[in-house]
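Analysis of the macromolecular model
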Amino acid sequence: AEVFPGWSSGVVELAPRAVKGDETVGVAEMVFFVGTCQAGSLEVALAAPDPDDALGEFDAAAAQRFLLSPGDQFHVPPNNTYRLENRSTEQSCKLFFCQIKPVVTQ
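Now for a quick tour of the structure. Here the structure is a predicted model, which means the values were calculated and not measured.

Quick look at the overall build of the protein chain
Tallying secondary structure elements over the protein chain gives zero helices and eight strands in all. Seen in sequence order, the protein chain has helices and strands lined up from the N terminus as β-β-β-β-β-β-β-β. Here the C-alpha coordinates of the protein chain stretch approximately 50 × 30 × 15 Å along the principal axes. In the protein chain, which comprises 106 residues, the proportion classed as buried is 33%. When contacts within the protein chain are restricted to residue pairs at least 6 apart in sequence, those whose partners lie at least 24 apart make up 86%. Taken as a whole, the protein chain presents about 6,200 Å² of accessible surface, with 52% of it coming from carbon and sulfur.

And the structure:
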């Protein structure tokens, strides 16, 4: 079997005060680019799921948090979980992403 990268890309838009709930990327990895938002208003939380947790749930207490601005980028490594929150009360956030996932061919 050979392994080739599969990929997808898209846009995430968050209204003021909106939250994109936690998501585990599995064997994939993701790269995000912050297109528009109020400076310092996009909170990104990154956390590796607890290995003792069979459901792989997001551990908010252990998450690393960052406040980002337009032009910033971030990477979600494989087997990690992320959560997004637009802390602005006035301006939407628009992020562009690329997801890379291994695809096995027989």
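Quick look at the side chain of serine 88
Structurally, serine 88 is set in the loop between β7 (81–86) and β8 (93–105). A distance of 2.6 Å separates the side chain of serine 88 from the side chain of glutamine 38, its partner in a polar contact. Apart from residues no more than four positions distant in its own chain, serine 88 is found in contact with Pro16, Arg17, Gln38 and Ser41.

Focus on the side chain of glutamate 85
Examined against the element boundaries, glutamate 85 turns out to sit in strand β7. Within polar-contact distance, the side chain of glutamate 85 engages the side chain of arginine 83 at 3.2 Å. Each residue touching glutamate 85, except ones within four places of it in the same chain, is listed here: Leu14, Arg17, Ala18, Val19, Ser41, Leu42 and Glu43.

Re the environment of glycine 71
With respect to the helices and strands, the residue glycine 71 is situated in the loop between β5 (64–68) and β6 (73–76). Residues glycine 71 and cysteine 37, spaced 34 residues apart in sequence, show a C-alpha to C-alpha distance of 9.5 Å.

Some remarks on the nonpolar core
If you look at the biggest cluster of nonpolar residues, it comprises 18 residues, and the most contacted ones within it are Phe32, Leu42, Phe74, Val76, Tyr82, Leu84 and Leu95. Elements with a minimum of two residues in this core: β1 (2–14), β3 (29–36), β4 (42–47), β6, β7 and β8. Leaving out residues up to four positions away in the same chain, phenylalanine 32 has contacts with Val12, Asp72, Gln73, Phe74, Val76, Tyr82, Leu84, Leu95, Phe96 and Phe97.

Examining a nonpolar patch on the surface
A grouping of Val11, Phe33 and Phe96 is seen on the molecular surface, where their side chains present a nonpolar patch of about 250 Å² in accessible area. With respect to the helices and strands, valine 11 occurs in strand β1.

Criteria and cut-off values
Residues numbered from 1 in each chain as written. Predicted model: local features only at pLDDT ≥ 70, side-chain atom pairs only at ≥ 80, totals over all residues. Heavy atoms only, no water. Helix = DSSP H or I, 4+ residues; strand = E, 2+ residues; numbered from the N terminus. Buried < 20%, exposed > 50% of the residue type's maximum accessible area, 1.4 Å probe, protein only. Contact = heavy atoms within 4.5 Å. Areas by Shrake-Rupley, 256 points an atom, 1.4 Å probe, with all protein chains shown as cover. Polar contact = N/O pair within 3.5 Å; in protein donor to acceptor, adjacent residues only side chain to side chain. Core = buried A, V, L, I, M, F, W, Y, C linked by side-chain atoms within 4.5 Å. Patch = residues over 30% accessible without salt bridge, like charges linked within 9 Å, V, L, I, M, F, W, Y side chains within 5 Å. Salt bridge = Lys/Arg side-chain N within 4 Å of Asp/Glu carboxyl O.

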